[in-house]
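This is what each chain is made of:
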Amino acid sequence: MTPIVSIIMGSTSDLPVMEKAAQLLNDLHVPFEINALSAHRTPEAVEEFAKNARSRGIKVIIAAAGMAAALPGVIAANTTLPVIGVPIKGSVLDGVDALYSIIQMPPGIPVATVAINGAMNAAILAVQILALSDAALAESFAAYKEGLKKKIVKANEDLKEVKFEYKTN
């Protein structure tokens, strides 16, 4: 299947975080690709990727980066596709530097941004975007959301069965 979502990481060290996005896309049968490209170490490759993504069939890009986190913005500057940024926790600033870098884009170059290490929410947002023009995916996503609700209802029911002993002094 031709991928319609591209997950791009600044480094393979981001893979443990980004696997959550890949798993959700896989579970919902959304074809995707995953690659490592660096805005600082391979800028020409990033530019070429971004400029050619649409013609390759990509519809949404999820771009993850830590520290200076230039990757999502550089990709957004070179494509008209929606870009979702995932700030990665990995520096002494615990990912806040990456978050600020991604959310502070100049006018005309938006990057939708999720929480630090929020890869799963990035995949969910990508699915929501794709589901606007794909009825089958919209139905699958609705079932996924219903499943989330059922998990909470069950967890709440399970809590009713737990007996707590409260101790007073």
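Residues numbered from 1 in each chain as written. Predicted model: local features only at pLDDT ≥ 70, side-chain atom pairs only at ≥ 80, totals over all residues. Heavy atoms only, no water.

As recorded in an unreviewed UniProt entry, the protein chain goes by the name N5-carboxyaminoimidazole ribonucleotide mutase, listed as coming from Jilunia laotingensis. Under the heading Sequence similarities (unreviewed entry), UniProt records this for the protein chain: "Belongs to the AIR carboxylase family. Class I subfamily." According to UniProt, the comment filed for the protein chain under the heading Catalytic activity (unreviewed entry) is "5-carboxyamino-1-(5-phospho-D-ribosyl)imidazole + H(+) = 5-amino-1-(5-phospho-D-ribosyl)imidazole-4-carboxylate". (UniProt positions renumbered as here; feature names shortened; annotations may be inferred.)

Trainee: Mind showing me how you'd approach the nonpolar core here?
Mentor: Inside soluble globular proteins, nonpolar side chains tend to come together where they are buried. Ranked by size, the top nonpolar core spans 30 residues in total, and within it Met18, Leu28, Val30, Ile62 and Val86 carry the most contacts. Residue assignment for this core shows that the elements contributing at least two residues are strand E1 (5-9), helix H1 (15-27), strand E3 (60-66), strand E4 (83-88), helix H5 (119-131) and helix H6 (135-161). Considering each element in turn, this core owes the most residues, 8 residues, to H5. The residues contacting Ile62, other than those within four sequence positions of it, are Val5, Ser6, Ile7, Ile8, Met18, Ile84, Val86, Ala122, Ala123 and Ala126. With 20 residues, the next largest nonpolar core counts Ile8, Val46, Ala53 and Val83 among its residues. (Core = buried A, V, L, I, M, F, W, Y, C linked by side-chain atoms within 4.5 Å. Buried < 20%, exposed > 50% of the residue type's maximum accessible area, 1.4 Å probe, protein only. Helix = DSSP H or I, 4+ residues; strand = E, 2+ residues; numbered from the N terminus. Contact = heavy atoms within 4.5 Å.)

Trainee: Sorry if this is basic, but what is going on with unusual backbone geometry here?
Mentor: When glycine is set aside, most residues are seen to have a negative phi, and most peptide bonds are trans. The phi torsion at Ala69 lies on the positive side, around 50°, for a residue other than glycine. Mapping Ala69 onto the fold places it in the loop between E3 and helix H3 (71-77). Positive phi, close to 60°, is recorded for Asn117, a residue that is not glycine. Counting through the fold element by element, Asn117 comes out in the loop between strand E5 (112-113) and H5. Using a relative accessible area of 29% as the deciding quantity, one classes Asn117 as partly exposed.

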